[in-house]
Amino acid sequence: MKHLFYKIFGVLILVMVIASSCGSTKEVVDISEDEKIAFSQKEGDTIKIASDTVGYEIIIIEPGYDFWLKSIAKPEGYYSQSFLENRNNIYVQEWNQRVLQPQRFDPNLYEMQIDYSPNIDYGYDVNYKLYNYFIYFQRKYNQRLGPFLPRI
């Protein structure tokens, strides 16, 4: 009987240790003063992302994004095109899932799906601006579109 008690007690302690170690910690993104200026802008920037070779176009109307892209984002050439394509594929998939769940995710943030195929070469410029929009969006609206912390 005493032996059984110690086994049960040991299992309970083990379960409690495992349960406490599984708790998630949410990492916080530090927002710089320059980013706060970009995020507080009220007038809408219109950014056109296009690729004439594949006939692709995205229009982003987002206050502060153009300022953020020019002053805060890493410069063009910093990331490889394959890096940008891989991240964009992850972000687009999550974005599109959220568009389809307006009862769970704010439909004012996730208004329409993005048609992005990993099998199409959209070029560096499209991938660079789309990736940076996802980073801007996640930082401004405190969202997380993938397993990566949206860092600059």
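Residues numbered from 1 in each chain as written. Predicted model: local features only at pLDDT ≥ 70, side-chain atom pairs only at ≥ 80, totals over all residues. Heavy atoms only, no water.

Asks: Requested: an account of the nonpolar core, with residues and values cited.
Replies: Y65, W68, W95, Y110 and F134 are the most contacted members of the largest nonpolar core, which has 34 residues in total. Elements that contribute at least two residues to this core include exactly α2 (33–40), β1 (46–51), β2 (56–61), α3 (65–71), α4 (81–99) and α5 (124–141). Among the elements that take part in this core, α5 stands out by supplying nine residues, more than any other. (Core = buried A, V, L, I, M, F, W, Y, C linked by side-chain atoms within 4.5 Å. Buried < 20%, exposed > 50% of the residue type's maximum accessible area, 1.4 Å probe, protein only. Helix = DSSP H or I, 4+ residues; strand = E, 2+ residues; numbered from the N terminus.)

Asks: Any details on the packing of α4 against α5? Residues and values, ideally.
Replies: The interhelical angle for the contact between α4 and α5, taken along N-to-C directions, is 50°, at an axis separation of 9 Å. The angle between the axes of α4 and α5 places the two elements in the oblique class. With respect to the hand of their crossing, α4 and α5 are arranged in left-handed fashion. Here Q81, F83, L84, E85, R87, N88, Y91, V92 and W95 of α4 lie close against α5, whose contacting residues are Y124, N127, Y128, L130, Y131, Y133, F134, I135, F137 and Q138. By residue class, the composition of the contact of α4 with α5 is 13 nonpolar, four polar and two charged. (Axes fitted to C-alpha atoms, helices over the stretch in contact; angles between N-to-C directions. Parallel < 35°, antiparallel > 145°, perpendicular 65-115°, else oblique. Left-handed = near helix turned anticlockwise from the far one by under 90°. Contact = heavy atoms within 4.5 Å. Nonpolar A, V, L, I, M, F, W, Y, C, P; charged D, E, K, R; others polar.)

Asks: How would you sum up the side chain of Q138? Please name residues and give values.
Replies: Secondary-structure assignment places Q138 in helix α5. Looking at Q138, the relative accessible area reads 1%, which means it is buried. In this structure the side chain of Q138 is engaged in a polar contact, spanning 2.9 Å, whose partner is the backbone nitrogen of L145. In contact with Q138, not counting residues within four places along its chain, are Y91, Q143, R144, L145, G146, F148 and P150. (Polar contact = N/O pair within 3.5 Å; in protein donor to acceptor, adjacent residues only side chain to side chain.)

Asks: Break down the environment of G55 for me, citing the residues and quoting the values.
Replies: Inspection of the secondary structure puts G55 in the loop between β1 and β2. A relative accessible area of 67% means that G55 is categorised as exposed. Put simply, G55 and Y122 are 67 residues apart on the chain and 8.9 Å apart in space, counted from C-alpha to C-alpha.

Asks: Got a sec to walk through the pairing of β1? Specific residues and values, please.
Replies: The side-chain alternation of β1 yields one buried face, formed by I47, I49 and S51, and one unburied face, formed by T46, K48 and A50. Relative to β2, β1 runs antiparallel, the two being bridged by six bridges. Across the sheet, K48 pairs through a bridge with I59, a residue of β2. Turn length for the β1-β2 hairpin, with the two strands adjacent in sequence and antiparallel, is four residues, and the turn residue G55 shows positive phi of about 65°. (Pairing = 2+ DSSP bridges.)

Asks: Which residues make up unusual backbone geometry, and what values go with them?
Replies: If a residue is not glycine, its phi is most likely negative; likewise, a peptide bond is most likely trans. Positioned with a positive phi, N142 is a non-glycine residue whose angle comes to about 55°. As for its placement among the helices and strands, N142 is situated in the segment after α5.

Asks: How would you explain the pattern of salt bridges if you had to name every residue and give the values?
Replies: Under the criterion given, the structure shown has seven salt bridges. K36 serves as the salt-bridge partner of E33, at 3.4 Å between the closest nitrogen and oxygen. One end of the pair is E33 and the other is K36, both in helix α2 and three residues apart, which spans about a single turn. Residue E33 is classed as exposed on the basis of its relative accessible area of 55%. The exposure class assigned to K36 is partly exposed, which follows from its relative accessible area of 42%. Of the charged contacts in the structure, one is a salt bridge between E62 and K140, with a shortest N-O distance of 3.2 Å. (Salt bridge = Lys/Arg side-chain N within 4 Å of Asp/Glu carboxyl O.)

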